[in-house]
Amino acid sequence: MKLEKLFSVKDKTVLITGGSRGIGEMIAEGFIANGSKVYITSRKGSDVRETAERLRERYGGFCKAFSSDISNVNGIEGLYAEFNKNEDHLDVLINNAGAVWGEPLESFSEVGWDKVMDLNVKTIFFMIQKFLPMLKKNAKQDSKTRVINIGSIDGINTPYYENYSYSVAKAAVHKLTKVLSARLISDNIICNAIAPGPFPSKMLGSAVEHDYSIISKKNPSSRVGRPEDIAGLAIFLASKASEYTIGEVVSCDGGLVASAGHDLTND
Ligand SMILES: NC(=O)c1ccc[n+]([C@@H]2O[C@H](COP(=O)([O-])OP(=O)(O)OC[C@H]3O[C@@H](n4cnc5c(N)ncnc54)[C@H](OP(=O)(O)O)[C@@H]3O)[C@@H](O)[C@H]2O)c1
């Protein structure tokens, strides 16, 4: 099969949660640039609409914004109702919206557990449950629809920062991906996860005061992630090329997981 067909995401209907900025926007950009029909979501309507407009202007394709707080089932139902007014099927669901909470062990609060576990884990489960009929609609034995969950290398390695609920939640995302992939494949839906390493974003930026130099130095690839790194992997996981890859957690981290335990500081 020719490359263009093997990796094509053209005309696919794609829903990306947390698509207003950061990793979600990077992934959205990759799909729009390659001819997908992309829907992005976040809580803040003005932000997500601005992003959709920016991406449309840049690539001339289709990008529509929805605003909803999806950390609870009500918000997920609201998002579904909006999506349902526009589409009767979904080819690729990308569960990207996430939150982090950092606090020392001594003072780590209950809200820091609830907020992170709700959005990062519970939401993914209920998003898949709610959108299941849409994902099943066009799913066929030789053309499977996709779910891509965004985990983290913090769910694999012990993190640098005191973000207890976050790393545990991300490990849960990886496990949930495996568990659900075993069930979803019977409906011709493929579920995989991406475990990103450091990518410039509001979330990571707030932890490092938007100075990525130390993180870059500690990375085996001597840099943080770029939009094409994460978009390329997401496109692979949404395309024909990955049709026999199921329930995997694929790191996208410049080699951090592979080199865990090695001293990379060199200072
Ligand atoms: N950046 C990294 O280095 C890194 C590394 C590993 C994993 N990740 C993971 O990648 C994903 C994206 O992270 P990011 O770094 O791009 O974060 P980010 O810049 O903070 O973006 C988070 C996105 O999620 C949306 N969001 C947050 N809470 C929401 C809610 N309750 N309902 C709906 N949308 C919500 C945000 O928009 P609103 O605030 O308007 O809602 C925004 O669009 C997360 O799952 C994160 O854990 C990131």
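Everything that follows concerns the structure shown earlier in this document.
Since we're looking at a predicted model, the values are computed, not measured.

What follows covers the environment of Ile 23. Mapped onto the elements, Ile 23 comes out in helix H2 (residues 22-33). Look at Ile 23 and you get buried, because its relative accessible area is 16%.

A few words on the packing of aromatic side chains. Scanning the model with the defined rule gives ten aromatic pairs in all. Measuring from centroid to centroid gives 5.6 Å for Tyr 39 and Phe 66, while their planes differ by 5°, and the two rings are stacked. With a gap of 27 residues between them, Tyr 39 in strand E2 (residues 37-42) and Phe 66 in strand E3 (residues 62-67) connect regions that are remote in the sequence. For the pair formed by Tyr 39 and Phe 66, the shared burial category is buried. Note on Tyr 39 and Phe 83: the rings are 5.0 Å apart at their centroids and 70° apart in plane angle, and the pair reads as edge-to-face. One end of the pair, Tyr 39, is in strand E2; the other, Phe 83, is in helix H4 (residues 73-86), and 44 residues separate them in sequence. Between the NZ or CZ atom of Lys 37 and the centre of the ring of Phe 62, over which it lies, the distance is 5.0 Å.

What follows covers unusual backbone geometry. A positive phi angle, close to 65°, is found at Asn 188, a residue other than glycine. Locating Asn 188 in the fold gives a position in the loop between helix H6 (164-184) and strand E6 (189-196). Overall, the relative accessible area of 16% leaves Asn 188 in the buried class. At His 210, a position not held by glycine, the phi torsion is positive, near 55°. Topologically, His 210 is positioned in the loop between helix H7 (202-208) and helix H8 (213-218). Taking the relative accessible area as the measure of exposure, His 210 reaches 52% and is therefore exposed.

Once that is clear, we can look at the pattern of salt bridges. All told, the structure shown has eleven salt bridges when counted by the stated rule. Of the charged contacts in the structure, one is a salt bridge between Glu 25 and Arg 54, with a shortest N-O distance of 2.8 Å. With Glu 25 in helix H2 and Arg 54 in helix H3 (residues 45-59), this pair connects stretches of sequence that are 29 residues apart. Arg 183 is the partner of Asp 187 in a salt bridge, and the nearest nitrogen-oxygen pair spans 2.8 Å. Using a relative accessible area of 17% as the deciding quantity, one classes Asp 187 as buried.

Moving on to empty space enclosed by the protein. Applying the stated criterion across every chain, the model contains one cavity of 30 Å³ or more. By volume, the largest cavity amounts to about 30 Å³. Every residue lining the largest cavity is listed: Thr 17, Ile 70, Asn 95, Ala 97, Leu 119, Thr 123, Ile 124 and Met 127. In terms of residue count, helix H5 (residues 110-137) provides more of the lining of the largest cavity than any other element does, four residues in total.

It is worth spelling out the site of the ligand at this point. Taken together, 30 residues sit near the ligand, with Ser 20, Arg 43, Asn 96, Tyr 166 and Ser 201 positioned nearest. Tyr 166 has a polar side-chain atom sitting 2.6 Å from an oxygen atom of the ligand. Relative to its unbound accessible area of 890 Å², the ligand is 96% covered by the protein chains. The element that contributes the greatest number of residues to the shell around the ligand is H7, accounting for three residues.

Take the pairing of E6 next. Along E6, eight of the eight residues are buried, which leaves the element largely enclosed by surrounding structure. Because side chains alternate across E6, one face comprises the buried residues Ile 189, Cys 191, Ala 193 and Ala 195, and the other comprises Ile 190, Asn 192, Ile 194 and Pro 196, equally buried. As defined by bridge partners, strand E5 (residues 145-150) adjoins E6 across six bridges and the pair is classed as parallel. The residue of E6 that forms the bridge with Arg 146 is Ile 190. Remark: the E5/H6/E6 crossover connection has right-handed handedness.

Let us now look at the sheet that holds strand E7 (residues 249-252). Backbone-to-backbone hydrogen bonds pair the strands of a sheet. The strands run either parallel or antiparallel. Spatial strand order, E3-E2-E1-E4-E5-E6-E7: seven strands in an open sheet with parallel pairing. Looking at the sheet topology across the chains shown, the edges are occupied by E3 and E7. The mean angle between the axes of side-by-side strands here comes to 20°, regardless of whether they run parallel or antiparallel. Here strand E4 (residues 92-95) runs beside E5; their pairing, made up of four bridges, is parallel. Counterpart to Leu 93 in the pairing with E5 is Val 147. Its contacts with the sheet place H4 against strand E1 (13-17), E2 and E3, and it is angled at close to 150° to E3.

Analysis parameters
- Residues numbered from 1 in each chain as written.
- Predicted model: local features only at pLDDT ≥ 70, side-chain atom pairs only at ≥ 80, totals over all residues.
- Heavy atoms only, no water.
- Helix = DSSP H or I, 4+ residues; strand = E, 2+ residues; numbered from the N terminus.
- Buried < 20%, exposed > 50% of the residue type's maximum accessible area, 1.4 Å probe, protein only.
- Phe/Tyr/Trp six-rings, centres within 6.5 Å; stacked < 30°, edge-to-face > 60°.
- Lys NZ or Arg CZ within 6 Å of the ring centre and 35° of its normal.
- Salt bridge = Lys/Arg side-chain N within 4 Å of Asp/Glu carboxyl O.
- 1 Å grid on protein atoms, 1.4 Å probe; cavity = no way out; pocket = protein on both sides within 12 Å on 5 of 7 lines; lining within 4 Å.
- Points joined across faces, edges and corners; volume = space filled by probe spheres on them.
- Near = heavy atom within 4 Å.
- Polar contact = N/O pair within 3.5 Å; in protein donor to acceptor, adjacent residues only side chain to side chain.
- Areas by Shrake-Rupley, 256 points an atom, 1.4 Å probe, with all protein chains shown as cover.
- Pairing = 2+ DSSP bridges.
- Right-handed = clockwise from strand over helix to strand, strands pointing away.
- Axes fitted to C-alpha atoms, helices over the stretch in contact; angles between N-to-C directions.
- Contact = heavy atoms within 4.5 Å.

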